[in-house]
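# Per-entry structural report
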Amino acid sequence: MATQTWEALASAIDEIYNRNASQLSFEELYRNAYNLVLHKYGSLLYDGVSEKLSSHLLETVGRLAEVPDSSLLEEMASTWSEHQVRIVGRLCSCHVAVSLPRYYSFLNRPLYRLQ
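Let us look at the structure shown here. All values derive from a computational prediction rather than experimental measurement.

## Notes on helix α3 (residues 42–65)
Taking 1.5 Å of rise per residue, the 24 residues of α3 would be expected to cover 34 Å, and the 34 Å separating its terminal C-alpha atoms lies within 8% of that figure. Those residues of α3 that fall on the buried side of the exposure criterion are Gly42, Leu45, Tyr46, Gly48, Val49, His56, Thr60 and Leu64.

Right under this line is the structure:
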C-alpha cells in the first residue's frame, strides 16, 4: 500500500516536471503524502521526494552543460524561473513539500541534515 502510494506521488512529480499537471488532483496528492507520514512511512516519502528532485535536477544540470557559454546565464535564469513555477508552485500547492518538514523532518531527522 505505501509503495503504491509513493509510486503515485512519484509519477505526479514527473508529470509536474513534464508540464502535464493539469490532470492532477492536488487534494489527492496531499492526502497521499499526509497518509504516508501518518502511517509511519515518512522516510519513504522524504527519501523518495529527495531522490526524485535530485534526479530531475541532475537532468537539468546535464542539459545546461550543453548550452553555449554565450547564452548560459540566460538559460540558467530561465531554467530557475521554470523550476520555481513547476516545483515550488505546483508541488507546494499540494503541500507535499510543505508537510514534509512539519510532520516528518524535524521529528525524525537531525537538523543539520535538512537541506
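## Some points on the packing of helix α2 (residues 26–38) against α3
The relative placement of two packed helices comes down to the angle between their axes together with the axis-to-axis distance. Contact pair α2 / α3: the axes reach a minimum separation of 6 Å and the direction vectors enclose 130°. Of the possible angle classes, the one that applies to α2 and α3 is oblique. Here α2 contributes Ala33, Leu36 and Val37 to the contact with α3, which in turn contributes Gly42, Leu44 and Leu45. In the contact of α2 with α3, the residues fall into five nonpolar, one polar and no charged.

## Concerning the nonpolar core
One finds Trp6, Leu9, Leu36 and Leu45 to be the most contacted residues of the largest nonpolar core, which totals 17 residues. Secondary structure elements with two or more residues in this core: α1 (2–17), α2 and α3. With eight residues, the top contributor of residues to this core is α1. Setting aside residues up to four positions removed in sequence, Leu36 forms contacts with Ala2, Thr5, Trp6, Leu9, Tyr41, Gly42, Leu44 and Leu45.

## Looking at the packing of aromatic side chains
Tallied over the full model, the rule gives one aromatic pair. For the pair Tyr30 and Tyr34, a centre-to-centre distance of 6.2 Å together with 20° between the ring planes defines the contact as stacked. Of this pair, Tyr30 and Tyr34 both sit in helix α2, four residues apart, roughly one helical turn. Since its relative accessible area comes to 32%, Tyr34 is described here as partly exposed.

## Remarks on α2
The end-to-end C-alpha distance of α2, which contains 13 residues, comes to 18 Å, matching closely the 18 Å that a straight helix rising 1.5 Å per residue would cover. All of the buried residues along α2 are Phe26, Leu29, Asn32, Ala33, Leu36 and Val37. Looking down the long axis of α2, one finds its buried residues gathered within 130° of arc, a one-sided arrangement. Positive backbone phi, at 70°, marks Lys40, one or two positions downstream of α2.

## Some points on the pattern of salt bridges
Opposite charge on two side chains makes pairing possible when the charged atoms of those side chains draw close. All told, the structure shown has four salt bridges when counted by the stated rule. Of the charged contacts in the structure, one is a salt bridge between Asp14 and Lys52, with a shortest N-O distance of 3.2 Å. Of this pair, Asp14 sits in helix α1 while Lys52 sits in helix α3; the two residues are 38 residues apart in sequence, bridging distant segments of the chain. For Asp14, a relative accessible area of 23% puts it in the partly exposed group.

Calculation criteria
- Residues numbered from 1 in each chain as written.
- Predicted model: local features only at pLDDT ≥ 70, side-chain atom pairs only at ≥ 80, totals over all residues.
- Heavy atoms only, no water.
- Helix = DSSP H or I, 4+ residues; strand = E, 2+ residues; numbered from the N terminus.
- Expected span 1.5 Å × (residues − 1).
- Buried < 20%, exposed > 50% of the residue type's maximum accessible area, 1.4 Å probe, protein only.
- Axes fitted to C-alpha atoms, helices over the stretch in contact; angles between N-to-C directions.
- Parallel < 35°, antiparallel > 145°, perpendicular 65-115°, else oblique.
- Contact = heavy atoms within 4.5 Å.
- Nonpolar A, V, L, I, M, F, W, Y, C, P; charged D, E, K, R; others polar.
- Core = buried A, V, L, I, M, F, W, Y, C linked by side-chain atoms within 4.5 Å.
- Phe/Tyr/Trp six-rings, centres within 6.5 Å; stacked < 30°, edge-to-face > 60°.
- Arc of directions from axis to C-beta.
- Salt bridge = Lys/Arg side-chain N within 4 Å of Asp/Glu carboxyl O.

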